[in-house]
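# Residue-level structure breakdown
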Amino acid sequence: MFFHFGGELWVFALLFLAPDLSLVGYALSRKVGAGFYNAAHSYAAHVLLAVAGVLTGLALLWQVALIFAAHAAFDRGLGYGLKYAAGFRHTHLGTIGKPVRGDC
């Protein structure tokens, strides 16, 4: 859909991993990290951005929304869900990765 409506490959390539910059929130705390990650990977935020793009006529906004939605779908496909404040490994899709000593 992105490319069908005139999206440029270089924009897609540049922005596809941008939502993962939200991981810097984990440097502050688990709770902040989970909040940043979930805000960047929530489909609700992408829908709002797409609607804003359509209503304002700014194609770049809905194109960015499609890129970020594609990224979120890719993460879900790999098993990375929205995060709980308990830590990065704890997601709405279940626990990811190998157990760590002392991790509940």
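Now for a description of the structure that goes with this document. Residue numbers run consecutively from 1 along every chain, following the written order of its sequence. Only residues with pLDDT of at least 70 are given local features in this predicted model, and only at 80 or more are side-chain atom pairs given and counted; all residues enter the totals for whole chains, interfaces and linings. Calculation of side-chain values draws on the structure's entire complement of heavy atoms; hydrogens and water are dropped beforehand.

In this description a helix means any DSSP run of H or I spanning at least four residues, a strand means any run of E spanning at least two, and both kinds are numbered starting from the N terminus. By this rule, a helix spans an expected 1.5 Å times one less than how many residues it contains. Taking 1.5 Å as the rise per residue, helix α3 (residues 43-56) with 14 residues should run 20 Å; its terminal C-alpha atoms sit 20 Å apart, in good agreement. We define a polar contact as two N or O atoms separated by no more than 3.5 Å, with the added condition that, inside protein, one atom must be a possible hydrogen donor and the other a possible acceptor, whereas residues neighbouring each other in sequence contribute only through side-chain atom pairs. Where α3 begins, one side-chain oxygen reaches toward the backbone nitrogen of Ala 44, 3.2 Å away; that side chain belongs to Ser 42. Directly after α3, the chain includes Gly 57, whose backbone phi takes a positive value near 80°.

Take the sheet that holds strand β2 (residues 87-91) next. Either a parallel or an antiparallel arrangement is found when strands of a sheet pair, and the pairing is made through backbone hydrogen bonds. The pairing criterion is simple: DSSP has to find at least two bridges between the two strands. Strand order in the open sheet formed by three strands is β1-β2-β3, and the pairing between neighbours is antiparallel. At either margin of the open sheet sits one strand with a lone partner, and together these are β1 (83-84) and β3 (94-95).

A few words now on a nonpolar patch on the surface. Note that patches include only residues with greater than 30% relative accessible area and no salt bridge, and the join distances are 9 Å for like charges and 5 Å for nonpolar side chains (Val, Leu, Ile, Met, Phe, Trp, Tyr). Surface exposure here means Shrake-Rupley accessible area, sampled with a 1.4 Å probe, where a residue is shielded only by the protein chains that are shown. A carboxyl oxygen of Asp or Glu within 4 Å of a side-chain nitrogen of Lys or Arg is what we treat as a salt bridge. Together, Leu 23, Phe 74, Leu 78, Tyr 80 and Phe 88 make up a nonpolar patch on the protein surface, roughly 430 Å² of accessible area in all. Inspection of the secondary structure puts Leu 23 in the loop between α1 (9-15) and α2 (30-41).

The subject of this paragraph is the nonpolar core. Nonpolar cores were defined as sets of buried Ala, Val, Leu, Ile, Met, Phe, Trp, Tyr and Cys residues, with membership established by side-chain atoms within 4.5 Å. Classification of residues uses two cut-offs on accessible area relative to the type maximum, computed with a 1.4 Å probe and protein chains only: under 20% is buried, over 50% is exposed, and between them is partly exposed. The biggest cluster of nonpolar side chains holds six residues, and these are Phe 2, Val 11, Phe 16, Val 64, Ile 67 and Phe 68. Looking at which element gives the most residues to this core, the answer is helix α4 (residues 59-77), with three residues. If we ignore the near neighbours within four places in the chain, the residues touching Phe 16 are Ile 67, Ala 70, His 71 and Phe 74. Whether two residues are in contact is decided by their heavy atoms: any pair within 4.5 Å suffices.

With that settled, the discussion passes to α2. Look at α2: 16 Å from first C-alpha to last across twelve residues, which is about the 16 Å you get at 1.5 Å a residue. Inspection of α2 places Gly 33, Ala 34, Tyr 37, Ala 40 and His 41 among the buried residues, and these make up the whole buried set. In a view along the axis of α2, the buried residues occupy a sector of 140°, so they form one face of it. Turned more than 90 degrees from where α2 packs its buried face, Lys 31 and Ala 39 sit exposed. Packed against the buried residues of α2 are α3, α4, β1 and β2. The arc in question is traced by the directions running from the helix axis to the C-beta atoms.

Everything listed here is a matter of geometry and, on its own, says nothing about what the molecule does.
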